[in-house]
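Structural overview
Chain residues, written in single-letter form:
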Amino acid sequence: MSPLARLVANGGLAALLCCALGFPSTPSAHAQATAPDAAATAAAARDVSSEPSGSVDDPWEPFNRTMFDFNEDLDHYVLKPVATGWDYVMPRPVQRGVDNFFDNLKFPARFVNDLLQGQIDPAAITLCRFAVNTTVGIGGIFDWATDMGLPKHTSDFGQTLGIWGVPSGPYLVWPVFGPSSPRDTVGLVADSYLDIATIFGDIFTLAGARVIQTVNTRSLLLEDVDAARRASLDFYIAVRSAYTQRRERLIRGESESGTAIDDDDLYFPEDTDEEVLP
């Protein structure tokens with residue numbers, strides 16, 4: 001049996017165990033599932049578009065703006081037109097399925113970082129989400145775990161380093177990859193080695209998967225990004241503020257709205273009107 005087949009088979013056993021543990025069910029919550037980082041950044045940018053530029057440590061602003069303008073041109077001339085075509089030919093449920101599939105591949109990094117942060121309950125939920133969605137959800141295409149009361153959340157090595165007390169460092173914009181920081185750049189590299197696509201795929205399969213994932217994610221954000229741009233006096237400042245504020249909230253263990261996360265909310269998300277985990 002191949003390693004990938006064993007992974008799926010073991011996931012089925014874990015799914016049965018999770019069901020046996022009796023995690024409480026909630027009404028359908030696909031709309032509450034955590035958006036990709038780019039989506040959260042674009043949405044938040046609409047709310048902080050007028051924030052003063054001096055509120056964020058940005059000594060490399062000339063370089064960052066050059067990279068930001070490069071990314072904007074790349075999006076305008078390449079990524080957005082391709083994503084628009086993808087959005088035209090692919091029904092939204094299919095796009096959501098593709099997004100769910102790639103999100104499911106982040107399981108190893110998410111699980112390991114939950115453990116490194118000492119977050120045992122989120123780690124258990126991450127494991128159960130992967131087991132359920134890999135088996136019942138047909139490889140992660142369908143997010144049945146959210147319907148079972150197992151909320152999606154974000155956990156990465158940059159966040160882990162922040163919780164350990166490693167400072168973020170100045171704001172940094174990379175070509176193609178976008179907003180980051182020295183700490184989050186290290187985290188991004190570390191997490192890339194724990195992605196299932198990296199573990200089981202060759203370089204060509206991985207490259208093709210990344211292209212599909214990027215185009216699909218951008219297609220889901222067409223309206224969000226356009227709205228953020230229209231609402232921003234300076235889109236660079238808006239994205240910078242949104243990114244740094246969101247990363248700070250994640251490290252503090254707060255939800256997207258800025259409220260602290262209660263352990264009970266991990267299992268009873270219907271008691272709140274916001275996302276259960278950041």
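This text gives an overview of the structure that appears in the document. Numbers given to residues run from 1 along each chain, matching the order in which its sequence is written. Restriction of local features to residues with pLDDT of at least 70 applies here, the model being predicted, together with a cutoff of 80 or more for giving and counting side-chain atom pairs; totals for whole chains, interfaces and linings are based on all residues. Computation of side-chain values covers all heavy atoms of the structure but excludes hydrogens and water.

Brief notes about the side chain of serine 155
Where we set the bar: Numbering of helices and strands runs from the N terminus, with a helix taken as a DSSP run of H or I at least four residues long and a strand as a DSSP run of E at least two residues long. Working definition: with a 1.4 Å probe on protein chains only, accessible area under 20% of the residue-type maximum means buried, over 50% means exposed, and in between means partly exposed. Pairs of N or O atoms within 3.5 Å make up the polar contacts considered here, provided that, within protein, one atom can donate a hydrogen while the other can accept it, and that residues adjacent in sequence are counted only when both atoms are side-chain atoms. Only heavy atoms matter for contacts: two residues are in contact if any of them lie within 4.5 Å across the pair.
Its location among the elements puts serine 155 in the loop between helix 7 (144-147) and helix 8 (157-163). The buried category is assigned to serine 155, whose relative accessible area is 6%. At 3.2 Å, the side chain of serine 155 and the side chain of glutamine 117 are in polar contact. Among all residues touching serine 155, those that are not within four sequence positions of it are Ala109, Arg110, Asn113, Asp114 and Gln117.

Quick notes on the packing of aromatic side chains
Heads up, the condition is: Two rings belonging to Phe, Tyr or Trp (six-membered ring only in the last case) form a pair when the distance between their centres is within 6.5 Å. Interplanar angles under 30 degrees mark stacking, angles over 60 mark edge-to-face geometry, and anything in between is tilted.
Enumeration over the complete set of coordinates arrives at eight aromatic pairs. Ring geometry for phenylalanine 107 against phenylalanine 130: centres 4.2 Å apart, planes inclined by 10°, an arrangement best described as stacked. With phenylalanine 107 in helix 5 (residues 107-116) and phenylalanine 130 in helix 6 (residues 120-135), this pair connects stretches of sequence that are 23 residues apart. Across the pair, phenylalanine 130 and phenylalanine 107 agree in class, each one buried. Arranged with centres 6.2 Å apart and planes meeting at 75°, the rings of tyrosine 171 and tyrosine 236 form a pair that is edge-to-face.

Here we look at the nonpolar core
For soluble globular proteins, nonpolar side chains are generally found buried alongside one another. Quick reminder of the rule: The criterion is simple. A nonpolar core is a set of buried Ala, Val, Leu, Ile, Met, Phe, Trp, Tyr and Cys residues joined through side-chain atoms within 4.5 Å.
In this structure, Val56, Met67, Phe68, Tyr171, Val173, Ala228, Phe235, Tyr236, Ile237, Ala238, Val239 and Tyr243 together form the largest nonpolar core, which totals twelve residues. Where this core is concerned, the elements lending two or more residues are helix 3 (61-89) and helix 13 (235-252). If you tally residues by element for this core, the top one is helix 13, at six residues.

Things to note about the side chain of serine 181
By the element assignment, serine 181 lies in the loop between strand 2 (178-180) and helix 9 (182-192). Only 3.1 Å separates the side chain of serine 181 from the backbone nitrogen of aspartate 184, close enough to count as a polar contact. With sequence-adjacent residues up to four places away left out, serine 181 is seen in contact with Ser168, Gly169, Pro170, Leu172 and Tyr243.

So, the pattern of salt bridges
For clarity, the cut-off: Here, a salt bridge means any Lys or Arg side-chain nitrogen found within 4 Å of an Asp or Glu carboxyl oxygen.
All told, the structure shown has 15 salt bridges when counted by the stated rule. In this structure, the salt-bridge partner of arginine 65 is aspartate 234, at a minimum N-O distance of 2.9 Å. Linking arginine 65 in helix 3 with aspartate 234 in the loop between helix 12 (222-231) and helix 13, this pair joins segments that are 169 residues apart in sequence. A relative accessible area of 23% means that aspartate 234 is categorised as partly exposed. Linking lysine 152 and aspartate 103 is a salt bridge whose minimum nitrogen-to-oxygen distance equals 3.8 Å. One end of the pair, lysine 152, is in the loop between helix 7 and helix 8; the other, aspartate 103, is in helix 4 (residues 92-104), with 49 residues separating them in the sequence. Of the residues examined, lysine 152 reaches a relative accessible area of 8% and is grouped as buried. In this structure, a network of salt bridges that share partners links the residues Asp58, Glu61, Arg65, Asp234 and Arg240.

It is worth stressing that arrangement in space is one thing and function is another; only the former is reported here.
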